[in-house]
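Chain by chain, the residues run as shown.
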Amino acid sequence: HAEFDSGELRFVAGGLQPSKLLPPLIGIISKATGSLHGSAVADWGNGGLKTSAVISPTKLSFSGPGITVERTSELTGVLTFSNLFPVTTDGMQVIEVGSIDFGSIALPNGEVRFELPGDDTLVVEEAVFPLFDGQMIAEKAVIGFDGGSVATLRAEDLDLGAILSFLKVKGLTGAGRVEGTLPIVFDRFAVRIENGVLRATSPGVIEFTGPTAEAAAQSNQGARLAFDALEFLRFSELEATINGRLDGDLDFKFTFKGESEVDLDGDGGAENVNAPIIFRANVEVPLISLINQARLSRDTRLQIEAAREQLENERNDPEE
Amino acid sequence: APPIIEEAKAACVVGERIDGYLGIIDESAASDTLRREVRDINQKRKDAYQQLASANGVPVAAAAKVTAEKLINGAPSGHCVQDASGQWVKKP
Amino acid sequence: CATVKVEAPDKPIEINLNVKIEQEVRVKLDREVEDLISSNPDIF
């Protein structure tokens, strides 16, 4: 029987590292900073070596776990381990974390309930992150240290205006509340959203004005009406489906039902009328990598292909 | 890479993936020590890709992919590598 | 005389907009990747 108490350990880049103390952590967490206090017990019985430990990190930051998560920052909590070879927690653990950064997107100030079953995976039972004035909740997530992981994020009561300002598209603002689910698959090749859905839970507004919008409107007749409508679109319904790679092209399909002041005869005349509109926009954009490099408006080529379907209706018949 | 990795590569227990990381091909033949070494190398590679990416203003995945292509093309015959669809194939 | 008055249509106007924003990732990086591999033999 052997007991070990670490006292207060401080980790610094290039200095003492957790994986030096506990080799099974190699490749799981690296480049750690912050501190922890740990006590471990080891017993050699007929069943071989039995180990357990209680480890209390304080604002511990590290790269990982594995290659799926780029950086975990300021993790604090008390973790109990039923085995150290391999690293296995004693059931579910609860921690506070400053942020979990997946590289393509970072989730701040979370509270995470997770366990390490000892099979090179981290199983998240629930993780709650305040985001866009609402919450992003990871319901079930299995993060494999080798990159293979699945997570389902549920968005609750997010502020559309906050989302649009995060996108940093010049002249694009809005208001409204949205909710939905974003199934994220980190397979070995990419981080993908599969059938993400966001819906408005209240009427709202989309405004798209300014140079980017005007430039987009010039491409052809259909575009002019589309961006005329988008100048100030009041919607009663909004649904967005999201698919694609977080580190590549994301395909957004928006459907708005609402109304907007549009110039119907399209000759630039003053005949604006408030028309009911079903607006479908399919936007394919390497969104996250652009946001990271904040280059959305500067050197990206905006290709607009606007099509306008004219519903056969009596609108064109002149009134007596 | 360290001998344990080179031997595992020669025996097609480990191979180069198209995302720029090492993959375990034969789970049953992979010891804990080998798994640990693969995890360690993959984390160090991710670090290297991040630095390469930010130095050249490209996404991390793009930097990793270009490196993967070079590693896969350069892999000696008899080693196993992933093809574009992610299948493991033995280099002729 | 008949005056043309453009009234709001009772049926909603359907607008379809397709936007594809391309960011050509000029990933040549050949020489940089060669250097990366040769200068890190322990991980490549």
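On a predicted model such as this, the values are computed, not experimentally measured, just so you know. (Residues numbered from 1 in each chain as written. Chains lettered and ligands numbered in written order. Predicted model: local features only at pLDDT ≥ 70, side-chain atom pairs only at ≥ 80, totals over all residues. Heavy atoms only, no water.)

### What about the overall build of chain A?
Right, so step 1: Along its length, chain A carries 5 helices and 19 strands.
Right, so step 2: Sequence-distant contacts in chain A: of pairs separated by 6 or more residues, those separated by 24 or more amount to 50%.
Right, so step 3: Working note: accessible area of chain A is about 14,800 Å², and carbon and sulfur atoms make up 55% of it. (Helix = DSSP H or I, 4+ residues; strand = E, 2+ residues; numbered from the N terminus. Contact = heavy atoms within 4.5 Å. Areas by Shrake-Rupley, 256 points an atom, 1.4 Å probe, with all protein chains shown as cover.)

### Some details on the overall build of chain B
Right, so step 1: A tally of regular secondary structure across chain B gives 3 helices and 4 strands.
Right, so step 2: Rg of the C-alpha trace for chain B: 13 Å, near the compact-globule value of 12 Å for 92 residues, within the 12% margin.
Right, so step 3: Referenced to the eigenvectors of the C-alpha coordinate spread, the extents of chain B come out at roughly 40 × 30 × 20 Å.
Right, so step 4: A buried classification covers 53% of the 92 residues belonging to chain B.
Right, so step 5: Here the analysis covers contacts within chain B between residues at least 6 apart in sequence; of these, 45% occur between residues at least 24 apart.
Right, so step 6: For chain B, the exposed area adds up to about 3,900 Å²; of that, 53% sits on carbon and sulfur atoms. (Rg over C-alpha atoms; globule rule 2.2 N^0.38 Å. Buried < 20%, exposed > 50% of the residue type's maximum accessible area, 1.4 Å probe, protein only.)

### Considering the interface of chain C and chain B
Right, so step 1: Taken together, the contact between chain C and chain B spans 15 residues of the former and 17 residues of the latter.
Right, so step 2: With both sides pooled, the region where chain C packs onto chain B buries about 1,400 Å², and carbon together with sulfur makes up 76% of that total.
Right, so step 3: When residues of chain C are sorted by the area they lose upon contact with chain B, Leu29(C), Ile43(C) and Phe44(C) head the list and together hold 39% of the total.
Right, so step 4: Between chain C and chain B we count 2 salt bridges in total.
Right, so step 5: Note that Lys70(B) is salt-bridged to Glu34(C), the shortest N-O span being 3.4 Å. (Buried area = accessible area lost by both parts, 1.4 Å probe. Salt bridge = Lys/Arg side-chain N within 4 Å of Asp/Glu carboxyl O.)

### Let's talk about the environment of Ala155(A)
Residues and elements named next belong to chain A.
Right, so step 1: With respect to the helices and strands, the residue Ala155 is situated in strand E11 (residues 149-159).
Right, so step 2: For Ala155 and Leu198, which are 43 residues apart along the polypeptide, the C-alpha to C-alpha distance reads 7.9 Å.
Right, so step 3: In this structure Ala155 touches Gln135, Met136, Glu179, Gly180 and Leu198, once residues within four positions along its chain are discounted.

### Considerations on the confidence of the model for chain B
Parts of the prediction with low pLDDT should not have their coordinates interpreted in detail.
Right, so step 1: Looking at chain B, pLDDT values average 92 and 100% of them are 70 or higher.
Right, so step 2: Across the whole predicted complex the pTM is 0.77, and at the interface the ipTM reaches 0.80. (pLDDT = per-residue confidence, 0-100.)

### Quick look at the packing of helix H2 (residues 32-56) of chain B against helix H3 (residues 60-74) of chain B
Residue and element names in this part refer to chain B.
Right, so step 1: As a packed pair, H2 and H3 sit with axes 8 Å apart at the nearest point and diverge in direction by 115°. In terms of crossing hand, the pair formed by H2 and H3 is right-handed. Every residue of H3 that contacts H2 at Arg45, Tyr49, Gln50, Leu52 and Ala53 is listed here: Val60, Ala63, Ala64, Thr67 and Leu71.
Right, so step 2: A per-class count over the contact of H2 with H3 returns 7 nonpolar, 2 polar and 1 charged. (Axes fitted to C-alpha atoms, helices over the stretch in contact; angles between N-to-C directions. Left-handed = near helix turned anticlockwise from the far one by under 90°. Nonpolar A, V, L, I, M, F, W, Y, C, P; charged D, E, K, R; others polar.)

### Considering helix H4 (residues 221-231) of chain A
Right, so step 1: Among the 11 residues in H4(A), 8 count as buried, and that is most of the element.
Right, so step 2: Along H4(A), the residues that are buried comprise Gly222(A), Ala223(A), Leu225(A), Ala226(A), Phe227(A), Asp228(A), Ala229(A) and Leu230(A).

### A short note on the packing of aromatic side chains
Residues and elements named next belong to chain A.
Right, so step 1: Counting across every chain of the model gives 8 aromatic pairs over all chains.
Right, so step 2: When the ring of Phe256 is compared with that of Phe279, the centres are 6.0 Å apart and the planes differ by 75°; the resulting orientation is edge-to-face. Of this pair, Phe256 sits in strand E17 (residues 250-263) while Phe279 sits in strand E18 (residues 272-285); the two residues are 23 residues apart in sequence, bridging distant segments of the chain.
Right, so step 3: Using a relative accessible area of 6% as the deciding quantity, one classes Phe256 as buried.
Right, so step 4: For Phe279, a relative accessible area of 0% translates into the label buried.
Right, so step 5: Grouping aromatic residues by their ring pairs yields a cluster made of Phe235, Phe252, Phe254, Phe256 and Phe279. (Phe/Tyr/Trp six-rings, centres within 6.5 Å; stacked < 30°, edge-to-face > 60°.)

### Points about the pattern of salt bridges
Right, so step 1: One pass over the full model with this rule turns up 22 salt bridges over all chains.
Right, so step 2: In this structure, Glu16(B) engages Lys9(B) in a salt bridge whose closest nitrogen and oxygen atoms are separated by 2.7 Å.
Right, so step 3: By relative accessible area, which is 2% here, Glu16(B) ends up buried.
Right, so step 4: In the salt-bridge network here, residues are joined through shared partners; they are Asp133(A), Asp157(A) and Arg177(A).

### What about helix H1 (residues 3-10) of chain B?
An α-helix turns once per 3.6 residues; consequently, residues spaced three or four apart project the same way.
All names here are of chain B.
Right, so step 1: Here H1 has its buried residues at Ile5, Ala8 and Lys9. An end-on view of H1 places all buried positions within 100° of arc, on one side of the element. Those residues of H1 that are exposed and aimed more than 90 degrees away from the buried face are Pro3 and Glu7.
Right, so step 2: The elements touched by buried residues of H1 are strand E1 (14-16), strand E2 (22-24), H2 and strand E3 (80-82). (Arc of directions from axis to C-beta.)

### Looking at the pairing of strand E2 (residues 30-45) of chain A
Put simply, side chains in a regular strand alternate between the two faces of the sheet.
Residue and element names in this part refer to chain A.
Right, so step 1: Pairing analysis gives 8 bridges linking strand E1 (residues 2-11) to E2, with the strands arranged antiparallel. Directly across from Arg10, in E2, lies its bridge partner Ser35.
Right, so step 2: Relative to strand E3 (residues 48-63), E2 runs antiparallel, the two being bridged by 13 bridges. Note on E3: the bridge partner recorded for Gly38 is Ile55.
Right, so step 3: Connecting E2 to the antiparallel partner E3 that follows it, the hairpin turn spans 2 residues. (Pairing = 2+ DSSP bridges.)

### Section: unusual backbone geometry
Negative phi is the rule for most residues except glycine; trans is the rule for most peptide bonds.
Residues and elements named next belong to chain A.
Right, so step 1: Cis geometry is adopted by the peptide bond preceding Pro65, which originates at Gly64 and carries an omega value of 15°.
Right, so step 2: Structurally, the position occupied by Pro65 is in the loop between E3 and strand E4 (71-77).
Right, so step 3: Note the cis peptide between Phe85 and Pro86, where omega equals 0°.
Right, so step 4: Within the secondary structure layout, Pro86 lies in the loop between strand E5 (79-84) and strand E6 (87-89).
Right, so step 5: Residues other than glycine seldom take positive phi values, yet Phe132 does so here, at roughly 50°.
Right, so step 6: Structurally, the position occupied by Phe132 is in the loop between strand E9 (121-131) and strand E10 (134-144).

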